[in-house]
Amino acid sequence: MSFTNQKLHFGAAYYPEHWSEERWSEDIRLMKAAGMTVVRMAEFAWSTLQSGPDNFNFDWLERAIDQLAAKGIDTVLGTPTAAPPAWLVQKYPDLLAVDESGRRVQFGNRCHYCVNSPEFHSASQQIVKAMADRFGDDPHVIGWQIDNEYNRVCYCERCQSLFQQYLQDKFVSLEALNEHWSTSYWSQTYSAWEQIPIPIGPHNPGLMLEFKHFISESYRKFQLMQLDILRPRLKPGVWVTHNFMGWYNGFDHYTLTKDLDLASWDWYVGSGYHDYLQSGAAHDLARGFKRRNFWLMETQPGNVNWSPLNNSLNKGEAHLMAWHAVAHGADAVLYWQWRSAPGGQEQYHGSLIDQSGQPRPFYAEAQQLGGEFKIASEWLAGSVVKTDVAMLNCYDSRWSIGWQRHHHDFDYVAHFNNYYRPLSAGNVNVDIISADEPLDGYKLVVAPSLLILNNKRIAQLKEFVKNGGCLVLTLRCGMKDDYNSLLPSRQPGSLAELAGLEVEEYYALHDPIPVVGDIFNGSSRLWAERLKLLDGNLTIPIARYGVCNGWLDDQAAVAVHQYGKGIVFYIGAYLDEFSQQALINHILLTAGISSIKTPSGIEVRTRVRTNGEELFFVLNHTRAEQTFSWPWPGVELLSGQVRTGEVKLAPYGVAILSKNAGDNPA
Ligand code: GLA
Ligand code: ZN
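Model, not experiment: these values are computed from the prediction.

## A look at the overall build of the protein chain
(1) Moving on: A tally of regular secondary structure across the protein chain gives 17 helices and 27 strands.
(2) Moving on: Taken over the C-alpha trace, the protein chain has a radius of gyration of 26 Å; the compact-globule value for 666 residues is 26 Å, and the two agree within 12%.
(3) Moving on: Over its C-alpha atoms, taken along the principal directions, the protein chain stretches across nearly 80 × 75 × 45 Å.
(4) Moving on: Each of the 666 residues in the protein chain was classed as buried or not, and the buried ones make up 61%.
(5) Moving on: For the protein chain, the proportion of contacts with a sequence separation of at least 24, taken over those separated by at least 6, is 72%.

Here you go:
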C-alpha cells in the first residue's frame, strides 16, 4: 500500500473535549470558512474517552467526527497513550517513569509513563483496541497518529533489567560485551549481566550507545504493539504515523519509522524567526524517514508558549512557511492548535480562535492558505520531490560525537547544516537519508561526519563511487565501529582506499586558522585534520592550512581522489560560510548537478507531478518585495496567470509555476 496523497490537506489540532457541544458547530463553520480539510483529534483525550477501567465513552468523539464530516472535514485520530489518566496511575503507580535522579515523575505533564511498563501496555492495548473497533472503518477517519512526540526516558529498575536482557540478547556472552566495550579500562569488567547500569551522564561510550539503541527498541516495541492492534481494524488505505520532532535525538528515527506507513513531524520556530536554509533540512530529514512525502502534523500559528521569549512570527511568515514545507514534500499542514483551552499548561500558545471563541488576526492568514491549498491541491496530488543528491544521516555517529565533542561547540547537526545550507542556497533538492540506505540513483552523496563505519556502509560507498558517483567525506569520518569503539586504523578507516588518504591527526581549534585553496581563501574553525595523501599523484590536495599551530602549517586540508569511475572529496576542515559555498559549488559542477542562482532569500524548489511535469515553487523568504527573472512562460497556479520574465514576489510572497513542455531554462 503506497498511501499516495490524493490531495493537499489543511487543518488544525482540534480538542472538542475542551468545549461544550453547542460550540462545535461554530468551530466547524469557521474551519470550513478557513478552507480546512482535516483535523487531528483525541491524542490527549484518554480521560474523556475512558473514565475508568470499563467505562468507555466514544459517543462524543463519533459526533465530532460526524459533524466535521458533514462539512467535508476528515479526521486523523491520535491514540491517547501520551496522557495516561489519573485513575490508571492511581491503580498502577509503578507505570510512572523514573527520572535520572531516581525520582518518580509526577502525573499531569503528559508522557509520564514508563514505556516498558506491562500495566501501561495492557491499558494502552485496551484503549487502542476499543478506539480501533469503533473508528477503524469510519469512512471519515483517514489516518491515525500513535501517541504524541515520544520523548520520555525511564531509569526505573524494570527498564534496567530489560536493558540487561537486551544486552544479553545482543552480545550473547559477557566476554563479547567486555571485549567490545574495552571494560578492562577503569576496571569496568562485568562478570554478571545484573551488574550493568543504565548510564547516567558520561559513561563508557559502548554502554551509552547501547542504551540509546535500547530506548529506540523500547519505543519501537510499544509502537508495534499499537500497530498490531490498529492494522487489522483499519479499512484499506488508512495510514498510521507518529508525529516526530525534527532533529530531536532521543532515539533512532529510522528504527521508529520502519514500521509506520507515513512520517510526520511538528515544526516550531520557538523564539525568533524562520531560517529557511536550516528548516529545509528538517523537512528533508522527515521526507527521508520513509523516503516519501510527509505530513506536517503540527506547526505554529503565530507564537508558542514554551520558549523563553514567545514572539509572534511576522505577518505572512507562517503562510510562507507552510508553502516552504509543501515545497519540501509536505502533503498536509496542520496548525497547533485550533483554539486555546481555558485551562491547562498551554494557555498562552498561539491558535486560530482565541479564548472568546473569535478568530484571531492570524485566522485570516490561515484562511488565505486554505484557499490556496484548495487551488493547488489538484496539481500537487501525487507529486514528489526528486533529486540526484543525498546527504547521509547517522544517529549513532551523532550521539557518539555529541558525547565526546572534543570541542564544546562542535555539534553534529550544525556541521551537517554547514553542508546543507550551501546546497540549499543553490536551490538544489536534497534527500536526507539514513547512512544505511542504498545509494542507487544518486550522483552526489555527502556524508558529514560519518563517524561510525561498518562493512555494509563501506561496501555501499565503494560500490557507489566505483560506478561513477561523487562522494564527499568530511572530518570525523570513519573513526569508530558499531560498538562505539575506535577502529584499529586511522581515519577514515577502510574508506582510506576511496579517499586516497588517511588522517594523521585531528585538532580541536582554539581559534580559526587559515585555509588556502585553489577555489577559496578562508578559514577553518573548531576542527582541523591533517591529511596524509596516500595514492601517489592521484590524490590531489585542493586546499592547505596556512601558518597556525605548527602541526598543521602547509598540510593538506581538502583533497580529491579518483576511484573507479567516480570521485571522492575529503574535507578535513570546518570551513567558513563563504569558502564552504565556493567548495560546494565546485563539487556540484564536478558531480554534474545543476543549481539555480537566486538572490539571497529567494528559494526555488521543485515537485514532479505524476505525468512528469515539474512544478516550481518560488518563495520569497524576505520582508521586501523581490523580482526574480523567470526563464520560460509558465502558468502561476495560485493566480492562474501566465508569467514570464520578471516575476514580482510580495514580501514573504509565493509563486508556483508550471513548466510547459518544450520550454527550457535559459
Ligand atoms: C508539541 C505537542 C503539542 C503542543 C505543542 C505546543 O508539539 O505535540 O501537543 O504541546 O507542542 O507547541
Ligand atoms: Zn521504566
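## Things to note about the coordination of the zinc ion (ligand 2)
(1) Moving on: Surrounding the zinc ion (ligand 2) are the protein donor atoms Cys114 (SG), Cys154 (SG), Cys156 (SG) and Cys159 (SG), which sit 2.2 to 2.3 Å from the metal.
(2) Moving on: Angles of 99 to 116 degrees at the metal separate the four donor atoms of the zinc ion (ligand 2), which places the site in the tetrahedral class.
(3) Moving on: Motif for the zinc ion (ligand 2), donor spacing along one chain: C-x39-C-x1-C-x2-C. Of the two residues, cysteine 114 is situated in the loop between α4 (86-91) and α5 (118-135) and cysteine 156 in the loop between β6 (141-145) and α6 (157-171); the sequence distance between them amounts to 42 residues. As far as the burial class goes, cysteine 114 and cysteine 156 line up, both buried.

## Structural notes on the site of ligand 1
(1) Moving on: In the neighbourhood of ligand 1, the contacting residues comprise Phe44, Arg110, Asn148, Glu149, Asp266, Tyr268, Glu298, Trp306, Trp336, Glu346 and His349.
(2) Moving on: A distance of 2.8 Å separates an oxygen atom of ligand 1 from a polar atom in the side chain of asparagine 148.
(3) Moving on: One of the side-chain nitrogen or oxygen atoms of glutamate 346 is found 2.3 Å away from an oxygen atom of ligand 1.
(4) Moving on: Its residues assigned to classes, the shell around ligand 1 shows four nonpolar, two polar and five charged.

## Overview of the packing of aromatic side chains
(1) Moving on: If you walk through the whole model with that rule in mind, you get 43 aromatic pairs.
(2) Moving on: Ring centres of phenylalanine 171 and tryptophan 181 lie 5.7 Å apart, and the angle between their planes is 80 degrees; on these two criteria the pair is classed as edge-to-face. Residue phenylalanine 171 is found in helix α6, and its partner tryptophan 181 is found in the loop between α7 (174-180) and α8 (205-230); the two are separated by ten residues along the sequence. The residues phenylalanine 171 and tryptophan 181 share a single accessibility class, namely buried.
(3) Moving on: Grouping aromatic residues by their ring pairs yields a cluster made of Tyr150, Tyr219, Phe244, Tyr248, Phe251, Tyr254, Phe289, Tyr395 and Trp399.
(4) Moving on: Seen from the ring of tryptophan 19, arginine 339 lies directly overhead, with NZ or CZ sitting 3.3 Å from the centre.
(5) Moving on: Positioned above the aromatic ring of phenylalanine 410 is the side chain of arginine 476, whose terminal nitrogen or guanidinium carbon lies 4.6 Å from the ring centre.

## What to know about the side chain of threonine 75
(1) Moving on: Positionally, threonine 75 belongs in strand β5 (residues 74-78).
(2) Moving on: Not counting chain neighbours up to four residues away, the residues in contact with threonine 75 comprise Val38, Val39, Met41, Ile65, Leu68, His140, Val141, Ile142 and Gly143.

## Examining the packing of helix α11 (residues 317-327) against helix α12 (residues 362-380)
(1) Moving on: Where α11 contacts α12, the two axes come as close as 9 Å, and the packing angle between them is 25 degrees. Relative to α12, α11 is oriented roughly parallel. Here α11 runs over α12; the crossing is right-handed. Judged by residue contacts, Glu317, Ala318, His319, Ala322, Trp323 and Val326 of α11 engage Phe362, Glu365, Gln368, Leu369, Glu372, Phe373, Ala376 and Leu380 from α12.

## A word on the domain arrangement of the protein chain
(1) Moving on: Each domain of the protein chain was delimited in the assignment, giving domain 1 (9-155 + 211-380), domain 2 (389-591) and domain 3 (602-658).
(2) Moving on: A C-alpha centroid distance of 34 Å is found between domain 2 and domain 3.
(3) Moving on: Taken residue by residue, the interface counts six residues in domain 2 and five residues in domain 3.
(4) Moving on: Buried area between domain 2 and domain 3, both sides added, is near 400 Å², and the carbon and sulfur share of it is 17%.

What counts and what doesn't
- Residues numbered from 1 in each chain as written.
- Chains lettered and ligands numbered in written order.
- Predicted model: local features only at pLDDT ≥ 70, side-chain atom pairs only at ≥ 80, totals over all residues.
- Heavy atoms only, no water.
- Helix = DSSP H or I, 4+ residues; strand = E, 2+ residues; numbered from the N terminus.
- Rg over C-alpha atoms; globule rule 2.2 N^0.38 Å.
- Buried < 20%, exposed > 50% of the residue type's maximum accessible area, 1.4 Å probe, protein only.
- Contact = heavy atoms within 4.5 Å.
- Donors = N, O, S within 2.8 Å, 3.2 Å for Na, K, Ca; no water.
- Tetrahedral: all angles 85-135°; square planar, octahedral: opposite > 155°, others 65-115°.
- Near = heavy atom within 4 Å.
- Polar contact = N/O pair within 3.5 Å; in protein donor to acceptor, adjacent residues only side chain to side chain.
- Nonpolar A, V, L, I, M, F, W, Y, C, P; charged D, E, K, R; others polar.
- Phe/Tyr/Trp six-rings, centres within 6.5 Å; stacked < 30°, edge-to-face > 60°.
- Lys NZ or Arg CZ within 6 Å of the ring centre and 35° of its normal.
- Axes fitted to C-alpha atoms, helices over the stretch in contact; angles between N-to-C directions.
- Parallel < 35°, antiparallel > 145°, perpendicular 65-115°, else oblique.
- Left-handed = near helix turned anticlockwise from the far one by under 90°.
- Domains from an automatic or database assignment.
- Buried area = accessible area lost by both parts, 1.4 Å probe.

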